[in-house]
Amino acid sequence: MESVVQEKGNLSIHTENIFPIIKKFLYSDHEIFLRELVSNAVDATQKLKQLASYGEFGGELGELKVSVKLDETAKTITVSDRGIGMTADEIKKYINQIAFSGAEEFVEKYKDKGGDKGIIGHFGLGFYSAYMVAEKVEIVTRSYQEGAEPVRWICDGSTEFEITTAEKAERGSDIILHIAPDSEEFLSASRLRGILEKYGKFLPVEIEFEDKIINNPNPIWTKNPADLKDEDYLAFYKELHPFSEDPLFWIHLNVDYPFNLTGVLYFPKLKNDFQVQREKIQLYSRQVFITDEVKDIVPDFLQLLHGVIDSPDIPLNVSRSYLQADGNVKKINGYITRKVADKLSEIFRNDREGFEKKFDDIGLFVKYGIISEDKFYDKAKDFCLLKNTEGKYFTFEEYREATQATQTDKDGNLVWLYTTDTQKQDGFVQSARKRSYDILVLDSVIDSHFIGTLEQKLEKTTVKRVDADTVDKLIEKDVKLESVLSKDDEEKVKKLFEAVVAGAGTSVVVEPMPADELPVVITFPEFMRRMTDMQATSGQRSMFGNMPLMYTVSVNANHPLTSKLASLDDDAQKALAKQIYDLALLSQGMLNGQDLTQFIQRTVEVL
Ligand code: ADP
Ligand code: MG
């Protein structure tokens, strides 16, 4: 059935109902009232400066600072500026109309002249955040316009206000908050200083509190990179992180299309410490501190960096405390990733030696990026370095070339070998070196994930830990060693060792190896070991936590001791098998406690 329109109209909102909502729910954090009022004072000052530059204000600018004053006895906080001020009509327009932004209006009017630069206000709601802490707010203001009369506006947070004439000699505004009894915590100088330093540390107009300027109005990121020296970047880093070691290098971000973004990101020394503190990148919008929770804007791996990002184009909600989903955020994300990759690539190309020296510090970061962002991988694959046991560095491509001839298996797969511990896995490293294989050192917490990504990305390449198998099986070649044992004897040896080893999760194989290799080698199947490693780094233990260590006991069929076993009686066989098995355990650092004590005793007896 067709529906019939009976009535159309506008929904009405009663200010009495909406006001408490603004006061109570719009802002989660009460302290931001000060950020909003100081931002308004800064805006008023910036507007006046702009008008002067357009020739619309011909008077003396004088000293333009914003001051914040606390009067504990009168229980007031006053924010004063020497900006454009307001006439009574402007108060009615900008203050009495909730959610009408004078800042927006100004930006719109002057945007062709660059008037959109440096104005903070946006939503037309900031002023009312004063009522989160004040029971009464007064504005005493005098417009910059010639012959303007000073006016006073006063409102107790109900929907009624009063405008009267006032005394004010100077141009500008005083916003006087009469602090409510439940907000007296803000009547503390140290609390106010804390808030001002948090949000206003880099505001573009000087902010004075208790006779001191609390901010640096020209922070480094607003300057032209060409005018800055290394010392300037280092000094700014110290300003942000007074107790940190000097950073390795930095990137000055500077775009204005398709979005506006400036900032400086520093690479800290990371070493192997993956648990480095995050939240070291601060987000600003037009030099007003917004948050140090940048996880939505900056890709996860880049959060290991320190520094500042400033963008008026980051879509913030009204309270500015969190981001709104927006296409810009993705673009910003992509831009920062690209810039960081380009910087690393530039250092790599211009100063390979220096880059190698820094790689132990930034490797973790680069690998994290490679694992988590395809776009980053596309660039980083050309500068990410692999280090071998001799301390030599290779790019992926260089390493492929270096290993191709010796380490390609019979199926045409390139096998890269690595050690997580050159000391513990020394025996395996030596065996592999004897075959002229190269061994990488991949010993950081992130490497098990990194290796997985490498295998996914690189064609026909597998990566194995040196002790994943006996040396001839790590990289299988067409040429096979002959066994000196008959099939029957091999079977007997296998049974013998199975009786000696007798543990869950272990398996015994008898295979021909060169006679000068060890009689027994213990290896850890790559796949199983990697699963356990990954579980450990991701902090989950559930699935593999209770599983016994899986390993393979490979008996060298061609070792003279193995041949000797056949000539012995049962007990002697067992004793010898046990002794060589214990030796293999010992070389893997797996012989402990009673077993170790007994092994030592037996050995002493033999000697
Ligand atoms: P916004 O700053 O987002 O525009 P606010 O609610 O913070 O919204 O302020 C509303 C308007 O009131 C401002 O845009 C400005 O026109 C005016 N205003 C507020 N504070 C001052 C001030 N200190 N000096 C001059 N005008 C002010
Ligand atoms: Mg504002």
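Residues numbered from 1 in each chain as written. Chains lettered and ligands numbered in written order. Predicted model: local features only at pLDDT ≥ 70, side-chain atom pairs only at ≥ 80, totals over all residues. Heavy atoms only, no water.

What counts is decided by this rule: UniProt positions are given in the numbering used here, feature names are shortened, and annotations may be inferred rather than shown by experiment.
An unreviewed UniProt entry lists the protein chain under the name Chaperone protein HtpG, with Rhabdobacter roseus given as the organism. For the protein chain, the Sequence similarities (unreviewed entry) comment in UniProt is given as "Belongs to the heat shock protein 90 family."

**Overview of the domain arrangement of the protein chain**
We apply this condition: Start and end positions for the domains come from either an automated domain assignment or a database one.
Assigned domains within the protein chain: domain 1 (5-213), domain 2 (220-350), domain 3 (401-474) and domain 4 (487-606). Once you take the C-alpha centre of each, domain 1 and domain 3 turn out to be 65 Å apart.

**A look at the layout of surface pockets**
To find leftover empty space, a probe the size of one water molecule is rolled over the atoms. This is how it is decided: A 1.4 Å probe that fits but cannot get out identifies a cavity on a 1 Å grid over protein atoms alone, an open set with protein on both sides within 12 Å along at least five of seven lines counts as a pocket, and a residue lines either if it has an atom within 4 Å of a point. Grid points are joined across faces, edges and corners, and a volume is the space filled by probe spheres set on the points. A run of DSSP states H or I qualifies as a helix once it reaches four residues; a run of E qualifies as a strand once it reaches two. Both are numbered from the N-terminal end. By the convention adopted, Pro, Cys, Tyr, Trp, Phe, Met, Ile, Leu, Val and Ala count as nonpolar, Lys, Arg, Asp and Glu as charged, and the other residues, Gly among them, as polar.
By volume, the largest pocket amounts to about 840 Å³. Along the wall of the largest pocket there are 46 residues; nearest its centre are Lys-47, Met-86, Tyr-94, Gly-102 and Ala-103. Among the elements of the structure, helix 2 (32-53), strand 2 (76-81), helix 3 (88-95), helix 4 (102-110) and strand 6 (172-179) are those that each provide at least two residues to the lining of the largest pocket. Here the lining of the largest pocket takes nine residues from helix 2, the largest share from any one element. Among the residues making up the lining of the largest pocket, the classes are represented as 24 nonpolar, 13 polar and nine charged. Approximately 560 Å³ is the volume attributed to the second largest pocket. Looking at the second largest pocket, it is lined by 20 residues, and the ones nearest its centre are Lys-117, Gly-118, Asn-260, Thr-262 and Arg-286. Elements that contribute at least two residues to the lining of the second largest pocket include exactly strand 9 (249-255) and strand 10 (261-267). Of the residues contributing to the lining of the second largest pocket, the split by class is six nonpolar, seven polar and seven charged. Of the residues that make up the lining of the second largest pocket, three or more belong to each of domain 1 (5-213) and domain 2 (220-350).

**Structural notes on the UniProt feature "binding site: ATP" (unreviewed entry) in the protein chain**
For the record, the criterion: Here's how the labels work: a residue is buried when its accessible area is under 20% of the maximum for its type, exposed when over 50%, partly exposed in between, all with a 1.4 Å probe on protein chains only. Contact definition: two residues touch when any of their heavy atoms are within 4.5 Å. Each polar contact in these results corresponds to two N or O atoms within 3.5 Å; when the atoms are within protein, one needs to be able to donate a hydrogen and the other to accept it, and residues that are neighboring in sequence are counted only if both atoms are side-chain atoms.
In this numbering, the UniProt entry assigns the feature "binding site: ATP" (unreviewed entry) to Glu-36, Asn-40, Asp-81, Met-86, Ser-101, Gly-102 and Arg-320. Lining residues of the largest pocket drawn from the annotated set just named are Glu-36, Asn-40, Asp-81, Met-86, Ser-101, Gly-102 and Arg-320. In this fold, Ser-101 is placed in the loop between helix 3 and helix 4. On the basis of relative accessibility, which here comes to 9%, the residue Ser-101 falls in the buried class. Here Ser-101 is in contact with Gly-121, His-122, Phe-123 and Gly-124, once residues within four sequence places are set aside. One polar contact links the side chain of Ser-101 to the main-chain amide nitrogen of Ala-103, over a distance of 3.2 Å. Within the secondary structure, Gly-102 sits in helix 4. The class for Gly-102 is buried, based on a relative accessible area of 14%. Leaving out residues up to four positions away in the same chain, Gly-102 has contacts with Lys-47 and Tyr-94.

**Observations regarding a negative patch on the surface**
Just so we agree on the cut-off: Patches in this entry comprise residues that are over 30% relatively accessible and not in a salt bridge; like charges within 9 Å are linked, as are nonpolar side chains (Val, Leu, Ile, Met, Phe, Trp, Tyr) within 5 Å. With residues, only the protein chains shown are counted as cover, and all accessible areas are computed by Shrake-Rupley using a 1.4 Å probe. One side-chain nitrogen of Lys or Arg within 4 Å of one carboxyl oxygen of Asp or Glu is enough to make a salt bridge. In this count, Lys and Arg are taken as positive residues and Asp and Glu as negative ones, while His and the chain termini are left out. Charge coordinates come from a single atom per side chain, which is NZ of Lys, CZ of Arg, CG of Asp or CD of Glu.
Among the surface-exposed residues, Glu-135, Asp-156, Glu-160 and Asp-182 lie close enough to one another that they form a single negatively charged patch. By the element assignment, Asp-182 lies in the loop between strand 6 and helix 5 (189-200).

**Details of the sheet that holds strand 18 (residues 461-465)**
Note the following rule: Strands qualify as paired when DSSP identifies two bridges or more between them. Between the N-to-C directions of two axes lies an angle of 0 to 180 degrees, each axis being a line fitted to C-alpha atoms and, for a helix, fitted only over the stretch in contact.
A sheet is described by the order of its strands in space; here three strands give the open sequence 17-16-18, paired in parallel fashion. The open sheet has two edge strands, strand 17 (439-441) and strand 18, and neither has a second partner. The sheet shows a mean angle of 35° between the axes of neighbouring strands, direction not considered. Sheet strands touched by helix 10 (residues 396-407): strand 16 (414-419) and strand 17. Its angle to strand 16, the strand with the most contacts, is close to 105°.

**Focus: the sheet that holds strand 13 (residues 306-310)**
Taken in spatial order, the five strands line up as 9-10-13-11-12 in an open sheet, and their pairing is mixed. In the strand order of this sheet, the two ends are held by strand 9 and strand 12 (288-291), each with one partner. Each strand of the sheet is rotated relative to its neighbour by a mean of 20°, with strand direction disregarded. Both strand 11 (residues 281-285) and strand 12 contribute to a ladder of three bridges, which runs antiparallel. Paired with Tyr-284 across the bridge in strand 12 is Phe-289.

**A word on the environment of Ile-84**
Here Ile-84 is to be found in the loop between strand 2 and helix 3. By relative accessible area, which is 15% here, Ile-84 ends up buried. Taking the C-alpha atoms as reference, Ile-84 lies 26 Å from Lys-23; in sequence the two are 61 residues apart. Discounting chain neighbours no more than four positions away, the residues touching Ile-84 are Ala-44, Lys-47, Leu-48, Leu-51, Arg-142, Ser-143 and Tyr-144.

**Overview of the site of ligand 1**
Spelled out, the test is: Residues are counted as near a molecule or strand when any one of their heavy atoms sits within 4 Å of it. More than half of a molecule's atoms within 2 Å of the grid points is what it takes for that molecule to sit in a cavity or pocket.
As a structural note, the neighbourhood of ligand 1 is formed by 19 residues, with Asn-40, Ser-101, Gly-102, His-122 and Gly-124 the closest of them. Within the backbone of Ala-103, an N or O atom sits 2.8 Å from an oxygen atom of ligand 1. Interatomic distance of 3.4 Å between a side-chain N/O atom of Ser-173 and a nitrogen atom of ligand 1. When each cavity is represented as a set of grid points, ligand 1 is found to reside in the largest pocket. Within the residue set of the shell around ligand 1, elements represented by two or more residues are helix 2, helix 3 and helix 4.

**Description of the packing of aromatic side chains**
Quick reminder of the rule: Here the aromatic set is Phe, Tyr and Trp, taking the six-membered ring for Trp, and pairing holds for ring centres within 6.5 Å; pairs whose planes are under 30 degrees apart are stacked, those over 60 apart are edge-to-face, and all others are tilted. Put simply, a charge is over a ring when the Lys NZ or the Arg CZ is close to the ring centre, within 6 Å, and near the line of the ring normal, within 35 degrees.
Under the defined criterion, the tally for this structure stands at 33 aromatic pairs. Ring geometry for Phe-202 and Trp-221: centres 5.2 Å apart, planes at 75°, overall edge-to-face. Residue Phe-202 is located in the loop between helix 5 and strand 7 (207-209), and its partner Trp-221 is located in the loop between strand 8 (212-213) and helix 6 (230-240); the two are separated by 19 residues in the primary sequence. Of the residues examined, Phe-202 reaches a relative accessible area of 0% and is grouped as buried. A ring pair is formed by Phe-355 and Phe-383, whose centres lie 6.1 Å apart and whose planes are at 80°; its orientation type is edge-to-face. Residue Phe-355 is found in helix 8 (residues 352-372), and its partner Phe-383 is found in the loop between helix 9 (374-380) and strand 14 (386-387); the two are separated by 28 residues along the sequence. Each member of the pair, Phe-355 as well as Phe-383, carries the same accessibility label: buried. The residue whose ring lies beneath Lys-367 is Phe-450, and the NZ or CZ to ring-centre distance is 5.0 Å. The ring of Tyr-377 carries Lys-457 above its face, with NZ or CZ at 4.7 Å from the centroid.

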